[in-house]
Amino acid sequence: MAQGAKARAGLRPAPTDEAVRRWAMVVDLDRCTGCQACLVACHAENNIPLAGEKQAAYGRWMHWIIVQRFWEGEYPNVKARFMPLMCQQCGEAPCEPVCPVFATYHNPEGLNAQIYNRCIGTRFCGNACPYKVRTFNWFRPEFPEPLTEQLNPDVTVRSRGIIEKCTFCIQRIRRAELEARAQGRGVADGEVSPACVQTCPPGALVFGDLNDTSSRVSQLAHSRRAFRFLEELGADPAVIYLKGGETDV
Amino acid sequence: MTQRISRRDFLKIAAAGTAAGLSPEVRRIALEPFVRPPEQVLPGQDTWYASTCRQCPAGCGIIVRVINGRARKIEGNPLHPLNHGKLCARGQAGLQLLYNPDRLKNAVRQAGGRGSRQFDPLPWAEALDLLAEKISTLSNPSRLAFWGGLMPDHLYLLTSRWLDAIGAPPPLLFDLHSALEGRSAASRASQLFFDTPELPLYDLARAEVTFSFGANFLETWMSPVSQNHAYGMMRQGQFGGRGFMVQFEPRLSATAASADEWVPLRPGAEGFVALALGRIIVEERLGHVGSHRPHAVLYQDVDVREMAAASEVPVESLSRLARVFADADQAVAIPGGALAGQRNGLASMLAVQALNLLVAQIGRLGGVFLSQPAPSPAMKETAHGDSFERALELIDRMKAGEVDLLLIHGANPRFELPAAAGFAQAAARVPFVVSFSPFVDETAVAADLILPDHSYLESWGYQIPAPSADRPTVSSQQPVVQPLYDTRSTAEVLLALGARFGGKAAEALPWPDEFAFLQESASALQGSSLGAYDAETQAGFWALWRQHGGWWTEKELPREPEVTGIVGQPLPIVAPSFEGEAETYPFHLYPYPSLGLSDGRGANLPWLQEMPDPMTTARWATWVELNPVTAESLGLRDDDVVRVVSPFGELEAPVVVYPGIRPDVVAIPVGQGHTDYGRFAERRGRNPLELVAPVTDPDSGALAWGATRVRLEPTGKKVELARLESLDGAGRESTGGS
């Protein structure tokens, strides 16, 4: 493992300011209402194609973020709970070492980046991912005219035959970083919001630098409610969940 | 003389030309961005414009990212006091309305007659001539009817004034979304309880205990973004401890999924539960408000055991919940849309509202306030929506041949009304029908003339949010891009007609165009000492108005309700009644608004079709939710097609075995089943309104959409319902795997 980490470290560029950052997301399950605003916002920001009804019936989807719903108990003492799931941006990502062409790699800010034009569609990464958050473009994406006008010019439209997944809206991170650098300052906490975080009506999603001890994300990560999904796998996810609460009355 | 034009000059000229093209009159109008761009604007750099979302009537503020004249992303307006920079799934999908491939590109006439779908383009001048001729040849202006729906307030004002001036009856505002959220009934209840038609405002964010009676306030009810925001605060906000929330309804909605407790009760028994809770609080002197003596009269006829039996909520539960509610420092009870959908709706809503009175939460933190009305008299005419009873009256007039010209804007009654209400047959008797829909929907297909309005991202306007934010607010709307097609704002059409007729109509609508009207409306707020901003000049104020996306006061301004004399007498106890005999039709039909498609108006947006329903994770389809016991007794499993039969119609759809529903209730989402309305909506799923009895709550006149009984017939067929989750785990975490 240590050797693998070192080998990967060799691929990294020289350390910069970004190297000390670790972008992370906190998902407060006590606030999430399953409203799906994150999912549509993500489609709009990241030019995500649609699966369509026929493919959807096969159990296929292209969403980068989904809201899982779990039932507990039986009628009438039944409860449903929501859990948003997106790429966990693992520190020790199982998807990375399996890619034969380095399309899936670890960037200096701890993000699992996907280089679309390197991807040859082996789908090894998708199989290796324990969170099942990588989607494969089995078909050429279709945007009947003039729906192409809705596309975000900051984000590549992926072609058939490649894997895609949540990037933490890296285009927004880059924009904020460039702006901050041009002004000769660091990126402030809260300055970068992925599309899902920005729109989340109940404020269940928070984004920021985990290595900055004063950021909201790192403070929430120390909450007693904090846990990481499938933590026992040791993938070191950068998504921290805060479990739902109970009120005693 | 030749002059070299610099690149910057060229861009300036190009920008001015772009702006001038926005108004139908030849005049120069500069668009006001949310953030003033730096001097050196570069092509490819984004500009943000503030406007108002029109995907539902809530009136949330939006900012739209525009690059090179194209709208690329919609976000919530961070300055707006209603939605605080947040936006829901439907709001996020607004771009697909603007760039929808099935939009009408110009005015059209149905050449081959209604339903022929042969649409001949018509130049606007001719279209207006035709409409003006139809109006002027009416034997009596009372033979004109205007059916409106989701209409911004400025358009409502213009429409009512225009109709009044020509002597026609006022517009009828009825759409299914409003009926499903019980808007007109809530307004009526507010009138009875607080002596004002303004909707109550529930302070969810600061409530310690929330009892929601059939209010799906985290999905589609009233102002979902604002309420979601408040919910987040209630759970983990700055107001101290975590709140406690109980949802009372026959089916566990996504809102109930977020509650601490779900209390399944018989459809129509929500009021009984509220009455029983009230009776227990009064009788056992619960809580800390001192004497309950003044309110004892409200509950003098209530028998807790009877109420418990009628609602099937055990007395022990009622007694426990009464303590939870009364002991809280701040408790609030919310009468939701599902109450209004029963034939005892108004009585139930009053019973729920009375709980707030009982624990002295009217006008108190974490309790009930009133929505702020329009902050200026110039905007005081706002749309409140009409009851279904009024809609039925108009249908009767149409059937009787008393309507010669029907104008329809922002509603799709042929799809949205119970089929048995007979709108389609009635409209067939109207000699000329005009639709203002930007899409060929079911109603437009049966129209003679379609004069497509702009999409909301190309339109001017304003909206007084109702329910309001925590302060007086106007959301303003401005075009963020040039109109894509040769469509025309309906307000402009009305103004043009006013000018053409002259006389009273021209006097009532004296503005040269929509823009001038809005400028004048906005300037009524200039100089207010309460505003979040002000300017010296009218032009300056108008610029700030558009830049901010509206006007609101700087500080929170709660409006305390005053309770009327209704509380001096016993609360009405009205039993629900249902269409269809219990022996033949053993189940209650429970239609509910789809989170994404709402009442069906979102069905033409592919993002919303692909968006999973939060509870079933189903997409692109209609399904029938059954309790596991009910499903098993009928031998039905997931994906089996079942026939649902009511006395008024029948439909077939696949079953979803749903653990969160009463065994005697059958739930079907509204929204699908379009026969027209574009490629993404058509021929997909079924419309449960085909089953619904066209009956009302006699007290409020609201559509009792939950008062129909049905029976189930297995068909032996099976389809694969497109759902996100695998059926292997049936949505449960398990260690066994499958």
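Residues numbered from 1 in each chain as written. Chains lettered and ligands numbered in written order. Predicted model: local features only at pLDDT ≥ 70, side-chain atom pairs only at ≥ 80, totals over all residues.

## Describing the overall build of chain B
Then, in step 1: Within chain B, the regular secondary structure consists of 24 helices and 25 strands.
Then, in step 2: Against the globule reference of 27 Å for 738 residues, chain B gives a C-alpha radius of gyration of 26 Å, in line with a compact fold.
Then, in step 3: Taken over the C-alpha atoms alone, chain B extends approximately 95 × 60 × 60 Å along its principal axes.
Then, in step 4: Within chain B, buried positions represent 61% of all 738 residues.
Then, in step 5: Across chain B, every contact between residues at least 6 apart in sequence was considered, and the portion connecting residues at least 24 apart equals 73%. (Helix = DSSP H or I, 4+ residues; strand = E, 2+ residues; numbered from the N terminus. Rg over C-alpha atoms; globule rule 2.2 N^0.38 Å. Buried ≥ 20, exposed ≤ 12 C-beta atoms within 10 Å, placed from the backbone. Contact = placed C-beta atoms within 7 Å.)

## Section: the sheet that holds strand β5 (residues 119–121) of chain B
Then, in step 1: Taken in spatial order, the seven strands line up as β5-β4-β16-β15-β14-β6-β7 (chain B) in an open sheet, and their pairing is mixed. One side of each edge strand has no neighbouring strand; the edge strands of this open sheet are β5 and β7 (172–173) of chain B. (Pairing = 2+ DSSP bridges.)

## Observations concerning the nonpolar core
Then, in step 1: Counting residues in each nonpolar core, the largest one holds 296 residues, and the members touching the most others are Val273(B), Ala276(B), Leu277(B), Phe325(B) and Val666(B).
Then, in step 2: Beyond its immediate chain neighbours, meaning those up to four positions away, Leu277(B) contacts Leu318(B), Leu321(B), Ala322(B), Phe325(B) and Leu355(B).
Then, in step 3: Core analysis: the second largest hydrophobic core is formed by ten residues, Cys90(A), Cys95(A), Ala103(A) and Ile163(A) among them. (Core = buried A, V, L, I, M, F, W, Y, C linked by C-beta atoms within 7 Å.)

## Examining the domain arrangement of chain B
Residues and elements named next belong to chain B.
Then, in step 1: When the domains of chain B are assigned, the result is domain 1 (108–177 + 381–460 + 485–552), domain 2 (181–370) and domain 3 (587–718).
Then, in step 2: Relative to domain 3, the C-alpha centre of domain 2 lies at a distance of 27 Å.
Then, in step 3: The interface of domain 2 with domain 3 comprises 24 residues on the first partner and 23 residues on the second.
Then, in step 4: A per-class count over the side of domain 2 that touches domain 3 returns twelve nonpolar, eight polar and four charged. (Domains from an automatic or database assignment. Nonpolar A, V, L, I, M, F, W, Y, C, P; charged D, E, K, R; others polar.)

## Some remarks on the interface of chain B and chain A
Then, in step 1: Residue-level contacts link 56 residues of chain B with 50 residues of chain A.
Then, in step 2: Listing elements by their share of the side of chain B that touches chain A, those giving two or more residues are β3 (70–76), α2 (89–92), α3 (95–98), α8 (224–236), α9 (254–257) and α23 (606–610) of chain B.
Then, in step 3: Across the side of chain B that touches chain A, the residue classes break down as 28 nonpolar, 15 polar and 13 charged.

## Focus: helix α2 (residues 37–46) of chain A
All names here are of chain A.
Then, in step 1: Most of α2 sits out of view: ten of its ten residues are buried.
Then, in step 2: Residues of α2 that are buried include every one of Ala37, Cys38, Leu39, Val40, Ala41, Cys42, His43, Ala44, Glu45 and Asn46, and no others.
Then, in step 3: Phi for Asn47, located one or two positions after α2, is positive at around 50°.

## Re helix α21 (residues 514–523) of chain B
All names here are of chain B.
Then, in step 1: Three or more residues of α21 are buried, namely Glu514, Phe515, Phe517, Leu518, Ser521 and Ala522. Here the buried residues of α21 occupy an arc of 160° about the axis, which is enough to place them on one side.
Then, in step 2: The inward-facing, buried residues of α21 contact α5 (153–166), β17 (461–463), α19 (490–501) and α22 (538–548). (Arc of directions from axis to C-beta.)

## Here's the deal with the confidence of the model for chain B
Residues and elements named next belong to chain B.
Then, in step 1: When pLDDT is averaged along chain B, the result is 92, and 94% of the positions lie at 70 or above.
Then, in step 2: Low pLDDT, under 50, characterises residues 734–738; the stretch is placed with three contacts to residues that sit more than four places away or in other chains.
Then, in step 3: Here the prediction assigns the complex a pTM of 0.92, and the interface score ipTM is 0.92. (pLDDT = per-residue confidence, 0-100.)

## Side note on the packing of helix α4 (residues 124–136) of chain B against α19(B)
How two helices pack is summed up by the angle between their axes together with the distance between the axes.
Residues and elements named next belong to chain B.
Then, in step 1: One way to put it is that α4 packs onto α19 with a least axis distance of 11 Å and a crossing angle of 60°. Taken together, α4 and α19 sit at an angle that is classed as oblique. The interaxial crossing formed by α4 with α19 has right-handed handedness. Residues Leu128, Leu131 and Ala132 of α4 form the contact with α19, whose own contacting residues are Val493, Ala496, Leu497 and Arg500.
Then, in step 2: Across the contact of α4 with α19, the residue classes break down as six nonpolar, no polar and one charged. (Axes fitted to C-alpha atoms, helices over the stretch in contact; angles between N-to-C directions. Parallel < 35°, antiparallel > 145°, perpendicular 65-115°, else oblique. Left-handed = near helix turned anticlockwise from the far one by under 90°.)

## Some details on the environment of Thr537(B)
Then, in step 1: Inspection of the secondary structure assignment puts Thr537(B) in the loop between α21 and α22.
Then, in step 2: It is 39 Å that separates the C-alpha atoms of Thr537(B) and Asp386(B), two residues lying 151 residues apart in sequence.

## Quick look at unusual backbone geometry
If a residue is not glycine, its phi is most likely negative; likewise, a peptide bond is most likely trans.
Then, in step 1: A cis amide bond, omega 0°, links Glu145(A) with the succeeding residue Pro146(A).
Then, in step 2: Mapped onto the elements of the fold, Pro146(A) is located in the loop between β6 (135–136) and β7 (163–164).
Then, in step 3: The residue after Ala466(B), namely Pro467(B), is reached through a cis peptide bond having omega 0°.
Then, in step 4: Looking at the secondary structure, you find Pro467(B) in the loop between β17 and β18 (473–477).

## Observations concerning the packing of α21(B) against α22(B)
Residue and element names in this part refer to chain B.
Then, in step 1: Where α21 meets α22, the closest approach of the two axes is 10 Å, and the angle between their N-to-C directions is 95°. Judged by the inter-axis angle, α21 sits roughly perpendicular to α22. Along its contact with α21, which presents Gln519, Ala522 and Ser523, the element α22 presents Gln538, Phe541, Trp542 and Trp545.
Then, in step 2: Of the residues assigned to the contact of α21 with α22, the class counts are four nonpolar, three polar and no charged.

## Here we look at the pairing of strand β6 (residues 144–148) of chain B
Residue and element names in this part refer to chain B.
Then, in step 1: In terms of burial, β6 is a largely internal element, five of the five residues being buried.
Then, in step 2: Of the two faces of β6, the one holding Leu144, Phe146 and Gly148 and the one holding Ala145 and Trp147 are both buried throughout.
Then, in step 3: Bridge count between β6 and strand β14 (residues 405–409): five bridges; the pairing is parallel. Residue pairing across strands places Phe146 opposite Leu407, the latter belonging to β14.
Then, in step 4: Looking at chain direction, β6 and β7 are connected through two bridges and run parallel. Following the sheet pairing, Gly148 is matched in β7 by Leu173.
Then, in step 5: As for the winding sense of the linkage, the β-α-β connection from β6 through α5 to β7 is right-handed. (Right-handed = clockwise from strand over helix to strand, strands pointing away.)

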